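Summary of the model geometry
Spelled out from the first residue to the last, the chains are:
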Amino acid sequence: MNENEVQKIFEMNNALLNGHFLLTSGLHSPQYLQCALVLQHPATAEKLCAELAERIKKDKRIGEIDLVIAPALGGVIVAHEVGRALNVRALFTERQEGSMKLRRGFQIKPGERALVVEDVVTTGGSTGEVMEVVSQNEGVTVAVGSLIDRSGGTLDQGVPRHALAVLTVPSYRPEECPLCRAGSTPVKPGSRTRPD
Ligand SMILES: [Zn+2]
């Protein structure tokens, strides 16, 4: 599966929206990704995550993996399906009072080798927080992965990273937004049930 095929799956599900969007950060962007629209189809989720698992397995730098772990909510399905493909446990962390926690009786044993996954990464912030939880439990993060890397491939978290597609998505401050300058008005993603 190449990047174009992955992008096509997102476009077919109206998950890769092109237009003029107002992000929660307040920035404007010509593109928005709504991964849940792709992952709502279990067979598609399984296929994409199996592909990500395959790339992780082929990377000789990574070696054995004992568990997959992701930040809730966005990463839960990805962790589950990648865990299925690798035949290992799938855990998730949750944000509680601002910090990422391992709850629900999930345990990481000292020395266990973890793969941290997400649906989409932009700054890598959540992945970094999950890596922190892994090391607090004396586990070792051996690789990180996501279906989509929206950073343009610039992230470095000190371990091998894999993504099915790397996108460079520009975002602008409102006063500098060329789309606004061209006379259009930004929309909040999800404020309409279907894109045009
Ligand atoms: Zn704008």
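Fair warning: this is a prediction, and the values are worked out from it, not measured in the lab. (Residues numbered from 1 in each chain as written. Predicted model: local features only at pLDDT ≥ 70, side-chain atom pairs only at ≥ 80, totals over all residues. Heavy atoms only, no water.)

1. Thoughts on the nonpolar core
- Residues Phe10, Val82, Leu115, Leu147 and Ile148 are the most contacted members of the largest nonpolar core, which totals 35 residues.
- Those elements that provide at least two residues to this core are helix H1 (3–12), helix H2 (36–39), helix H3 (42–58), strand E3 (67–71), helix H4 (76–86), strand E6 (113–121), strand E7 (140–149) and strand E8 (161–166).
- Counting residues per element, this core draws most heavily on H3, at six residues.
- Excluding its chain neighbours within four sequence positions, the residues that come into contact with Leu147 are Leu39, Leu48, Cys49, Leu52, Val78, Glu118, Asp119, Ala163, Leu164 and Ala165.
- If you look at the next biggest cluster of nonpolar residues, it comprises 13 residues, including Ile69, Val116, Val133 and Val144. (Core = buried A, V, L, I, M, F, W, Y, C linked by side-chain atoms within 4.5 Å. Buried < 20%, exposed > 50% of the residue type's maximum accessible area, 1.4 Å probe, protein only. Helix = DSSP H or I, 4+ residues; strand = E, 2+ residues; numbered from the N terminus. Contact = heavy atoms within 4.5 Å.)

2. What to know about H4
- Those residues of H4 not exposed but buried are Val78, Ala79, Glu81, Val82, Gly83 and Leu86.
- The inward-facing, buried residues of H4 contact H2, H3, E3, strand E4 (89–96), E6 and E7.
- Trailing H4 by a residue or two, Asn87 shows a phi angle of about 55°, which is positive.

3. Some details on the packing of H3 against H4
- Across the interface, H3 lies against H4 with an axial gap of 8 Å and an inter-helix angle of 60°. The orientation of H3 with respect to H4, classified from their angle, is oblique. Relative to H4, the crossing made by H3 is right-handed. Counted together, Ala45, Glu46, Cys49, Ala50, Leu52, Ala53 and Lys57 of H3 and Ile77, Val78, Glu81, Val82, Arg84, Ala85 and Leu86 of H4 form the full contact between these two elements.
- Along the lines of polarity and charge, the residues of the contact of H3 with H4 split into 10 nonpolar, no polar and four charged. (Axes fitted to C-alpha atoms, helices over the stretch in contact; angles between N-to-C directions. Parallel < 35°, antiparallel > 145°, perpendicular 65-115°, else oblique. Left-handed = near helix turned anticlockwise from the far one by under 90°. Nonpolar A, V, L, I, M, F, W, Y, C, P; charged D, E, K, R; others polar.)

4. Focus: the packing of aromatic side chains
- Tallied over the full model, the rule gives two aromatic pairs.
- Centroid distance Phe21 to Tyr32: 6.1 Å. Interplanar angle 45°. Geometry classified as tilted. Of this pair, Phe21 sits in strand E1 (residues 16–22) while Tyr32 sits in strand E2 (residues 28–33); the two residues are 11 residues apart in sequence, bridging distant segments of the chain.
- Relative accessible area serves as the criterion here: at 21%, Tyr32 is assigned to the partly exposed category.
- Ring geometry for Phe92 and Phe106: centres 5.1 Å apart, planes at 85°, overall edge-to-face. (Phe/Tyr/Trp six-rings, centres within 6.5 Å; stacked < 30°, edge-to-face > 60°.)

5. A few points about the pairing of strand E5 (residues 99–102)
- Relative to E5, E4 runs antiparallel, the two being bridged by four bridges. Among the inter-strand pairings, Gln96 is bridged to a residue of E5, identified as Ser99.
- Between the end of E4 and the start of E5, which pair antiparallel, lie two residues, with Glu97 showing a positive phi angle near 50°. (Pairing = 2+ DSSP bridges.)

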